[in-house]
Amino acid sequence: MNFDDLLDDDEAPVTDPRDIFLTLDRDKRFSFPRDIQTEVMKAWYKLREQRDTFIKLNVGSGKTLVGLLLLQSSLNEGAGPALYICPDHQLVSQVTEEADALGLEVVDDPKDPAFAAGQKICVTTVHKLFNGRSVFGVETVKLNIGAVIVDDVHASIATIADQFRIKLPHTHEAYDKIVKIVASDLKKQSHSRFLSLEASDPRAIMEVPFWSWKDKHEKILNVLHKVKDDDDLLFSYPLLHEILPYCRCFIGGQWLEIEPVCPPTDLIRSFSKAKRRIYMTATLSDDTVLVTHFGANPKKLPDPIVPVSSQFMGERMILMPQELNPDIEIPDIRKMLVGIAKKENVVVIVPSKAASEEWAKVADQVLLGDKVTSGIEKLRNGHVGLTILINRYDGIDLPGDACRVLALVDLPEVSSFREASDMNILADSKAGLRRQMQRIEQGMGRGVRSNDDYCVVLLCGTKLTSRIKSPDGRQMLTGATQAQLELSTSLAKQLDGTDISGLKKVIQQCLDRDAAWVKVAKKALLKAKVLPGLSLDPIGVGIRESFDQSRINDHPAAVATLRGLANSLDDDDAKAFALVRQAEVAHHIDPANAQKVLLAAHKLNQQVLKPIEGVAYQKLTPIAGKQAATVQDFHRNRFLEATDRILHFKSLVEDLKFEPDTNNAFESAVMEMGRLLGMGSQRPEISFEKGPDNLLALSNGEFIVIECKNGATSEQGISKTDLGQLGQAVDWFEEKYTKIAPKHVLIIHPLKYVGPGAAVIEGARVMTEKQLEKLRNALLEFAKALGDANVLNDVQRIGQLLTTHSFTPSTFLQQYSVPMKQNKDG
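The structure presented is a predicted model; accordingly, all values stated were derived computationally and were not measured.

A. Spotlight on the pattern of salt bridges. Using the criterion set out here, one finds 43 salt bridges in the structure. For Arg51, the salt bridge is made with Asp52, and the minimal N-O distance between the two is 3.8 Å. Judged by its relative accessible area of 34%, Arg51 falls in the partly exposed class. Asp52 gets classed as buried once you look at its relative accessible area, which sits at 7%. For Asp266, the salt bridge identified is with Arg551, shortest N-O distance 2.9 Å. In this pair, Asp266 is assigned in the loop between strand E9 (255–260) and helix H12 (269–272) and Arg551 in helix H25 (residues 538–551), connecting sequence segments 285 residues apart. Note on Asp266: relative accessible area 25%, which makes it partly exposed. The class of Arg551 is partly exposed, set by a relative accessible area of 22%. Put simply, Asp162, Arg165, Glu207, Arg248, Glu259, Arg418, Asp422, Arg435, Arg581 and Glu584 are held in one network by salt bridges that share partners.

B. Representation of the packing of helix H20 (residues 462–469) against helix H30 (residues 642–655) within the structure. Their axes nearest at 8 Å, the elements H20 and H30 cross at an angle of 150 degrees. Judged on the interaxial angle alone, H30 and H20 are roughly antiparallel. The element H20 and its partner H30 pack so that their crossing is left-handed. Contacts from Thr462, Lys463, Thr465, Ser466 and Lys469 in H20 reach Thr643, Asp644, Leu647, His648, Lys650, Ser651, Glu654 and Asp655 in H30. In the contact of H20 with H30, the residues fall into one nonpolar, six polar and six charged.

C. Region of interest: a negative patch on the surface. Judged by side-chain charge, Asp428, Asp570, Asp571 and Asp572 come together as a negatively charged surface patch. Within the element layout of this structure, Asp570 appears in the loop between helix H26 (555–568) and helix H27 (572–586). The exposed category is assigned to Asp570, whose relative accessible area is 76%.

D. Quick look at the pairing of strand E2 (residues 82–86). Along E2, five of the five residues are buried, which leaves the element largely enclosed by surrounding structure. Side chains of E2 alternate between two faces, with Ala82, Tyr84 and Cys86 and Leu83 and Ile85 buried alike. Bridge analysis of E2 against strand E5 (residues 147–150) gives four bridges, and the strand direction is parallel. Considered in E5, the bridge of Tyr84 is made with Ile149. Pairing analysis gives four bridges linking E2 to strand E4 (residues 121–125), with the strands arranged parallel. From the neighbouring strand, Ile85 faces E4, where its bridge partner is Thr124.

E. Examining the sheet that holds strand E13 (residues 365–367) more closely. If you walk across this open sheet you meet the six strands as E11-E16-E15-E12-E14-E13, and the pairing is parallel. Each edge of the open sheet carries a strand with a single partner, namely strand E11 (315–319) and E13. Direction aside, neighbouring strands of the sheet carry axes that sit 20 degrees apart on average. Of the pairings in the sheet, the one linking strand E15 (residues 405–409) to strand E16 (residues 454–460) comprises five bridges and is parallel in character. Opposite Leu408, over in E16, you have Leu459 as the bridge partner. Seen against the sheet, helix H17 (residues 371–381) touches strand E12 (346–350), E13 and strand E14 (386–390) and runs at an angle of roughly 135 degrees to E13. Taken strand by strand, helix H23 (residues 500–511) contacts E11, E15 and E16, and its axis lies near 175 degrees from that of E11.

F. Geometry of the nonpolar core. Grouped together as the largest cluster of nonpolar side chains are 93 residues, with contacts concentrated most on Leu224 and Ile251. For this core, the leading source of residues is H27, giving nine residues. Apart from the residues within four sequence positions on either side, Leu224 is in contact with Ile166, Leu168, Ile178, Leu233, Tyr237, Leu244 and Ile258. Core analysis: the second largest hydrophobic core is formed by 40 residues, Met767, Leu786, Val791 and Leu813 among them.

G. The arrangement of unusual backbone geometry in detail. Along the chain, Gly80 connects to Pro81 via a cis peptide bond; the corresponding omega equals -5 degrees. With respect to the helices and strands, Pro81 occurs in the loop between helix H3 (63–76) and E2. Positive phi outside glycine occurs at Thr738, with the angle close to 75 degrees. With respect to the helices, strands and loops of the structure, Thr738 is situated in the loop between helix H33 (720–737) and strand E20 (743–748). For Thr738, a relative accessible area of 43% puts it in the partly exposed group. Of note, the phi angle at Ser806 is positive, near 60 degrees, even though the residue is not glycine.

H. Examining the confidence of the model for the chain more closely. Chain-level pLDDT for the chain is 90 on average; 98% of the residues reach the 70-or-more range. The lowest-confidence element of the chain is helix H21 (residues 471–475), averaging 82 in pLDDT; the highest-confidence one is E5, averaging 97.

I. Focus on the sheet that holds strand E6 (residues 166–169). The strand order across the open sheet formed by four strands is E6-E9-E8-E7, and the pairing between neighbours is antiparallel. On the outer flanks of this sheet lie E6 and strand E7 (205–207), each paired with one strand and no other. Strand-to-strand twist across the sheet, computed as the mean angle between neighbouring axes with direction ignored, equals 15 degrees.

J. Looking closely at the packing of aromatic side chains. What the rule picks out here adds up to 14 aromatic pairs. Seen in terms of ring centroids, Phe271 and Phe294 are 6.1 Å apart; in terms of plane orientation they differ by 50 degrees. Their pairing is tilted. With Phe271 in helix H12 and Phe294 in the loop between helix H13 (289–292) and E11, the pair connects residues that are 23 residues apart, well separated along the chain. For the ring pair Phe782 and Phe807, a centre distance of 5.5 Å and an interplane angle of 90 degrees mean the geometry is edge-to-face. Remark: Phe807 occurs in the loop between helix H36 (795–804) and helix H37 (812–816) and Phe782 occurs in helix H34 (residues 769–786); sequence separation between them is 25 residues. The class for Phe807 is buried, based on a relative accessible area of 0%. Here the aromatic cluster, defined as three or more aromatic residues joined through ring pairs, consists of Phe649, Phe782, Phe807, Phe812 and Tyr816. The aromatic ring of Phe577 is capped on one face by Arg581, whose charged end is 4.8 Å from the ring centroid. Looking at Lys619, its charged tip hangs above the ring of Tyr737, at a distance of 5.4 Å from the centre.

K. Structural view of the pairing of strand E10 (residues 276–281). The element E10 is extensively covered by neighbouring structure, given that six of its six residues are classed as buried. The sheet contact formed by strand E1 (residues 52–56) and E10 spans five bridges and is parallel. Paired with Phe54 across the strands is Tyr279, a residue of E10.

L. Layout of the state of the cysteines. Taken as a whole and assessed by the stated rule, the structure comprises zero disulfides. Of the cysteine sulfurs around Cys460, a residue in no disulfide, the closest is that of Cys455, at 12 Å. Look at Cys460 and you get buried, because its relative accessible area is 0%.

M. View of the side chain of Asp151. Tracing the backbone shows Asp151 in the loop between E5 and helix H7 (153–163). Reaching out from Asp151, the side chain makes a polar contact with the side chain of Tyr84 at a distance of 2.7 Å. Beyond its immediate sequence surroundings of up to four residues, Asp151 is in contact with Lys63, Thr64, Tyr84, Ile85, Pro87, Leu91, Ser156 and Met280.

N. Structural detail: helix H4 (residues 89–102). Between the first and last C-alpha of H4 there are 20 Å, a value that for 14 residues agrees with the 20 Å anticipated at 1.5 Å per step. Lining the buried residues of H4 we find helix H1 (17–23), H3, E2, strand E3 (106–107) and E4. Positive phi appears at Gly103, one or two residues downstream of H4, with a value of about 90 degrees.

O. Expanded view of the environment of Val585. Counting through the fold element by element, Val585 comes out in helix H27. Exposure remark for Val585: the relative accessible area of 9% places this residue in the buried category. If we ignore the near neighbours within four places in the chain, the residues touching Val585 are Ser550, His555, Ala558, Val559 and Leu562.

About the criteria used
- Residues numbered from 1 in each chain as written.
- Predicted model: local features only at pLDDT ≥ 70, side-chain atom pairs only at ≥ 80, totals over all residues.
- Heavy atoms only, no water.
- Salt bridge = Lys/Arg side-chain N within 4 Å of Asp/Glu carboxyl O.
- Buried < 20%, exposed > 50% of the residue type's maximum accessible area, 1.4 Å probe, protein only.
- Helix = DSSP H or I, 4+ residues; strand = E, 2+ residues; numbered from the N terminus.
- Axes fitted to C-alpha atoms, helices over the stretch in contact; angles between N-to-C directions.
- Parallel < 35°, antiparallel > 145°, perpendicular 65-115°, else oblique.
- Left-handed = near helix turned anticlockwise from the far one by under 90°.
- Contact = heavy atoms within 4.5 Å.
- Nonpolar A, V, L, I, M, F, W, Y, C, P; charged D, E, K, R; others polar.
- Patch = residues over 30% accessible without salt bridge, like charges linked within 9 Å, V, L, I, M, F, W, Y side chains within 5 Å.
- Areas by Shrake-Rupley, 256 points an atom, 1.4 Å probe, with all protein chains shown as cover.
- Lys, Arg positive; Asp, Glu negative; His and termini not counted.
- Charge placed at Lys NZ, Arg CZ, Asp CG, Glu CD.
- Pairing = 2+ DSSP bridges.
- Core = buried A, V, L, I, M, F, W, Y, C linked by side-chain atoms within 4.5 Å.
- pLDDT = per-residue confidence, 0-100.
- Phe/Tyr/Trp six-rings, centres within 6.5 Å; stacked < 30°, edge-to-face > 60°.
- Lys NZ or Arg CZ within 6 Å of the ring centre and 35° of its normal.
- Disulfide = S-S within 2.5 Å.
- Polar contact = N/O pair within 3.5 Å; in protein donor to acceptor, adjacent residues only side chain to side chain.
- Expected span 1.5 Å × (residues − 1).

Written as structure tokens, this is what we have:
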């Protein structure tokens, strides 16, 4: 019997996603769509004519099923072809398997005729769509897209950024040619750093000033054009060659990077012209990437589709060991996790290869690059033990027993020179905090992949703990994570002061499925609040708008946009960042005014580029005789709780160490130490190009001129070169403050005697590892003592503390340094 004859030819195709589900010949495990899926599909169906829609669904809520049905709905309605974009091949396989189980036909090749004809959904990677040789076409449409799903949006943005970035190793012929073109301008920014670049120092990174880049970009374009077919440029050059004037260039000792202000994904015209663009993600709180990376119009974006219920997130016991007890150290946590890993899969995410070294000694596997996929598969298949993931906070699924304990250690590190430069400026601003919190929350979500899953999440490291504890930081997290953190805070109050064994017992209660814990954990999620509306960072939105205006040569409008943005910002660092972007655009139409804007930015934040004419040095002015009062004011304004102060001091002390390649963090810590101790504090070399690494102004009117050589590896004494730099620092000081200004000269170095061919600088002192360790311990003791409100409220007692710990002008150098010696035995 031909049942097709019973179908009504005139009947309209089924377009409601839920109705489509019911018509499919699907696997028996798909009996009915879940309530949460139905809620989302109905909401989207009402908004389906909107060009851009955004769906937030927690992991384990059936996001893939929803995405497939929305695309099938679009096909049935004639809004095809339909494309499903995944961040990687692993998710492509998962989506394809789910489509087969649902009874939906999909293909994985965009060139398949069934895709072009709107008969089947194509499932592929974000890399396939966004690259300089995209099969979909660049600046032209080769393959049409009607409706597109971008799944796991936040996991895709790193790939998109990589695709829109030119990266050339220092061994490439174009590298030297580009350096030569901009060399004179780099030298004016910092001759010493330029010398490090020439020596291929991996620590050396310099941004090409925007005026140099704009004025010389045609020469650079000629260099790149000649090698555009090289492997290093094959997929990136076609995306950037037309917008080179609106890119930023960073030159490092080992490679250079050229990257636009925002990735112009609209160059893939089939994507920018798609009738329906649907973005899906777990419920992360920052929605700005829709604008900055995908070019969505913020004025036309509807509110995200978020299900009312927040209970579809798995159970997480979130603990911050150093909130419970600041004396708990990372080695203690490492030892505890090694013990737990004998029975459970434990995953630790560290920010860099260097940070993984101590963990690698006790790990069962360390995953980086190509090893990640196979390593994750091992975790899914059974017990492995302790796994270390290096700088992977997204795009990884660790369901069930694949991960029962997940630890994030220290703050995530940046992935490009541009990001590093931006974070140098924005690190202490809300904009910088937002970027960090987004990555932290992504990492926290790796171990719970369904609503019946569970995992213990440890947040380790003083800087990471401080960020999570800050009121601004916590507000940037999703409602479900905030609710689980509130429960964590309640746990912390009960566990206050516990040692590592007490921490392990609490973790074990979760792993052993303690009934009371399970009940309270589920109840906590009932308090989760779904915040309405989009969460957009005004800085990202403003910069994207000005970028698009600049690309059509409407530079006056772009300058006005950025001026308005800068005027709207209260935070000095964020304002400085916006002003630099304004100066970049202004240079296209008014170079002189661009330099004035840049000077205004530099006054707010000395990490930004220096103007062409340089920056006038601003002298330090000691607050005579008021060190204790200065300490009181600074600490009252800076710290809400005693724990916050201790964590901050511990973070600072962690950076005060003798270790190669840490000079920037060390010098920054010395400057912060001065402020915390009520001293005037500067980094003249980094802020004004010349002068010592650090300068401290004491309350008795004296100064300490400091050169930091914490990365020195010499075994023969303080080198002639290092002493030469110290001598130049002294000359600089005497020029700025006169020769009669009272000063002390200090070098921080592992050895206290001078090397061959070098001579002692009269009166110079040395802080060796022994003295630095004394200083580190004293700083921590000082922080703990200030935790007593009775002490902080009493200037006299603060003064006594400063004396006790030898932080006064008359005792600081005597306690924490020794005279420089001519030889080892002298």
